[in-house]
Amino acid sequence: MNKMLNVALGERSYPIHIGVGVMAQDDLILPHIRQKKVVVVTNTTVAPLYLDRLQSTLKKGGISVLPVILPDGEQFKTWETLNLVFDAMLGARCERGTTLIALGGGVIGDMGGFAAACYQRGMPFIQVPTTLLSQVDSSVGGKTAINHPLGKNMIGAFYQPKLVITDLSTLDTLPDRELKAGLAEVIKYGLIRDPEFFLWLEDNIDKLLERDKSALSYAVHRSCANKAEVVAADEKESGERALLNLGHTFGHAIETGMGYGEWLHGEAIAAGTLIAAELSCRLGWLDAEAVTQIEKIFLRAGLPVYGPQLGAGKYLDLMSHDKKVQDGRLRLVLLRGVGEAVVAEQATVEQITAAIEARCT
Ligand code: NAD
Ligand code: GLY
């Protein structure tokens, strides 16, 4: 059965439709498209799997598709790849009113969204996420970006989609490693603000790994409900939204330090979350049992609980580019318990270094 959520942002509010087969439901997508031509930004892996399906749905409304098929991978989340989208849209004389649909995982969603934000100063944009990670996190909330050699997601814009179509059947083809990486962001919601969901995850993580549709539907819906609430309260991250970055300051350092694409985003976030938990413990905010409890769920999800040995100095250098840095001071998302996160500046360089050294192998 389909589920629907609303991201409440006044006149920029939008629905998220979650269900098996929603990509084929023309009544969900057609009312949101104004022209008879759309651009579908996707990649070389997703296009052969799902482009035809989306194209057939759009065809029912007499809508033709300009496909823009990008190379696949985090290492292609760059200016050069973004330009391919602009080249195709300008070449085909797309207008400001043409809709751009991002069909793929978080890399395609973030790049497609950024292209839509920039093209003729903003064109309508729809997210059709096809990885667990993009379904529970990146397709919702309007963060769009590309990477820079000095830092992840450093160039981008807040730009909300008009609609999110989350078809759970796309998860059938997702490689196991990618499914596990998506679980990192699911666990995040339990840790930062939803302790009841964390308990549910402890009971149901195996079902999620087995791709049980009813468990996946519950987890995707509950994750999106958490995210929608946070985004509605703090769209541009002046406060509460920063909590969604638990593990990300350390995790982004891992992704950049190792070379984009080496560690999957979710894997880096898992290890980063354990560094944050270790630091919270050293500050006396989290007891050792809670750290073990957190470690256990990530291990059960098949995710790393130790970061790579980049050296603490390298971590700190990369972390100094974090978007939460204010007046040169590092602000980190830390835990005060399972289900309660805070943004904190108290940790000293020595304490952060010790936590990194304890949690990297
Ligand atoms: P991804 O987009 O690289 O997708 C993972 C892999 O799965 C890719 O090879 C992709 O082609 C493939 N794939 C996608 N759907 C598939 C399917 N249904 N079947 C088979 N293969 C499929 O990675 P991701 O984990 O989806 O997203 C990670 C990105 O999202 C990172 O760049 C991260 O920075 C970003 N992100 C953004 C936000 C946000 O709020 N905007 C939040 C979290 C993460
Ligand atoms: N993924 C973090 C955010 O959307 O704010």
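For clarity, every value in this text was computed on a predicted model and none was experimentally measured.

Conventions and cut-offs
Residues numbered from 1 in each chain as written. Chains lettered and ligands numbered in written order. Predicted model: local features only at pLDDT ≥ 70, side-chain atom pairs only at ≥ 80, totals over all residues. Heavy atoms only, no water. Helix = DSSP H or I, 4+ residues; strand = E, 2+ residues; numbered from the N terminus. Rg over C-alpha atoms; globule rule 2.2 N^0.38 Å. Buried < 20%, exposed > 50% of the residue type's maximum accessible area, 1.4 Å probe, protein only. Contact = heavy atoms within 4.5 Å. Areas by Shrake-Rupley, 256 points an atom, 1.4 Å probe, with all protein chains shown as cover. 1 Å grid on protein atoms, 1.4 Å probe; cavity = no way out; pocket = protein on both sides within 12 Å on 5 of 7 lines; lining within 4 Å. Points joined across faces, edges and corners; volume = space filled by probe spheres on them. Nonpolar A, V, L, I, M, F, W, Y, C, P; charged D, E, K, R; others polar. Pairing = 2+ DSSP bridges. Right-handed = clockwise from strand over helix to strand, strands pointing away. Near = heavy atom within 4 Å. Polar contact = N/O pair within 3.5 Å; in protein donor to acceptor, adjacent residues only side chain to side chain. Axes fitted to C-alpha atoms, helices over the stretch in contact; angles between N-to-C directions.

Re the overall build of the protein
Part 1 of the argument: Scanning the protein for helices and strands turns up 13 helices and eleven strands.
Part 2 of the argument: On C-alpha atoms alone, the protein measures out to a radius of gyration of 20 Å, which is about the 21 Å that the 2.2 N^0.38 rule sets for 361 residues.
Part 3 of the argument: For the protein, the spread of C-alpha atoms along the principal axes amounts to about 60 × 40 × 35 Å.
Part 4 of the argument: Taking all 361 residues of the protein together, 59% fall into the buried category.
Part 5 of the argument: Long-range pairs, those at least 24 residues apart, make up 77% of the contacts in the protein with a sequence separation of at least 6.
Part 6 of the argument: Taken as a whole, the protein presents about 14200 Å² of accessible surface, with 51% of it coming from carbon and sulfur.

Considerations on unusual backbone geometry
Part 1 of the argument: A positive phi angle, close to 65°, is found at Arg 121, a residue other than glycine.
Part 2 of the argument: Its location among the elements puts Arg 121 in the loop between helix H4 (106–118) and strand E6 (125–129).
Part 3 of the argument: Among the residues examined, Arg 121 registers a relative accessible area of 76% and is labelled exposed.
Part 4 of the argument: At Asp 327, a residue that is not glycine, the phi angle is positive and equals roughly 50°.
Part 5 of the argument: Its location among the elements puts Asp 327 in the loop between helix H12 (312–319) and strand E10 (332–337).
Part 6 of the argument: Residue classification places Asp 327 among the exposed residues on the basis of a relative accessible area of 76%.

Brief notes about the layout of surface pockets
In this approach the atoms are scanned with a rolling probe the size of a water molecule, which exposes any empty space left behind.
Part 1 of the argument: Space inside the second largest pocket adds up to approximately 220 Å³.
Part 2 of the argument: In terms of lining residues, the second largest pocket is bounded by 14 residues, among which Arg 12, Tyr 159, Gln 160, Pro 161 and Lys 162 are the most central.
Part 3 of the argument: Classifying every residue of the lining of the second largest pocket gives seven nonpolar, two polar and five charged.

Topic: the environment of Ala 8
Part 1 of the argument: In this fold, Ala 8 is placed in the loop between strand E1 (3–7) and strand E2 (14–19).
Part 2 of the argument: Judged by relative accessible area, which is 41%, Ala 8 ranks as partly exposed.
Part 3 of the argument: For Ala 8 and Leu 100, which are 92 residues apart along the polypeptide, the C-alpha to C-alpha distance reads 22 Å.
Part 4 of the argument: Excluding its chain neighbours within four sequence positions, the residues that come into contact with Ala 8 are Ser 13 and Ala 232.

Looking at the pairing of strand E3 (residues 37–43)
Part 1 of the argument: Of all the seven residues making up E3, six are buried; the element is thus mostly covered by neighbouring parts of the structure.
Part 2 of the argument: As defined by bridge partners, E3 adjoins strand E4 (residues 64–70) across seven bridges and the pair is classed as parallel. Bridge assignment links Asn 43 to a residue of E4, and that residue is Leu 70.
Part 3 of the argument: The β-α-β motif built from E3, the intervening helix H2 (residues 46–59) and the parallel element E4 has right-handed crossover chirality.
Part 4 of the argument: As paired strands, E3 and strand E5 (residues 99–104) are joined by four bridges and run parallel to one another. The partner of Val 38 across the bridge, within E5, is Thr 99.

Section: the site of ligand 1
Part 1 of the argument: Around ligand 1 lies a shell of 28 residues, among which Asp 72, Glu 74, Thr 130, Thr 131 and Lys 152 are the nearest.
Part 2 of the argument: Asn 153 places a side-chain nitrogen or oxygen 3.2 Å from an oxygen atom of ligand 1.
Part 3 of the argument: Protein chains shield 91% of the accessible area of ligand 1, which is 860 Å² for the free molecule.
Part 4 of the argument: Secondary structure elements with two or more residues in the shell around ligand 1: H2, H4, helix H5 (132–138), strand E8 (151–158) and helix H6 (176–193).

Observations concerning the sheet that holds E2
Part 1 of the argument: Here we have seven strands laid out as an open sheet, ordered E1-E2-E9-E6-E5-E3-E4, and mixed in their pairing. Edge positions in the sheet fall to E1 and E4, since each of these pairs with one other strand and no more. The average angle at which neighbouring strand axes cross in this sheet is 20°, direction not considered.
Part 2 of the argument: Lying on the sheet, helix H3 (residues 79–91) is in contact with E3, E4 and E5; it crosses E4 at an angle near 155°.
Part 3 of the argument: Strands in contact with H4 are E3, E4, E5 and E6; relative to E5, the strand with the most contacts, it is inclined by about 165°.

A word on empty space enclosed by the protein
Part 1 of the argument: Considering all chains together, one arrives at one cavity of 30 Å³ or more under this definition.
Part 2 of the argument: Its boundaries defined by the atoms lining it, the largest cavity holds a volume of some 90 Å³.
Part 3 of the argument: Along the wall of the largest cavity there are 13 residues; nearest its centre are Lys 152, Met 154, His 252, Leu 318 and Asp 322.

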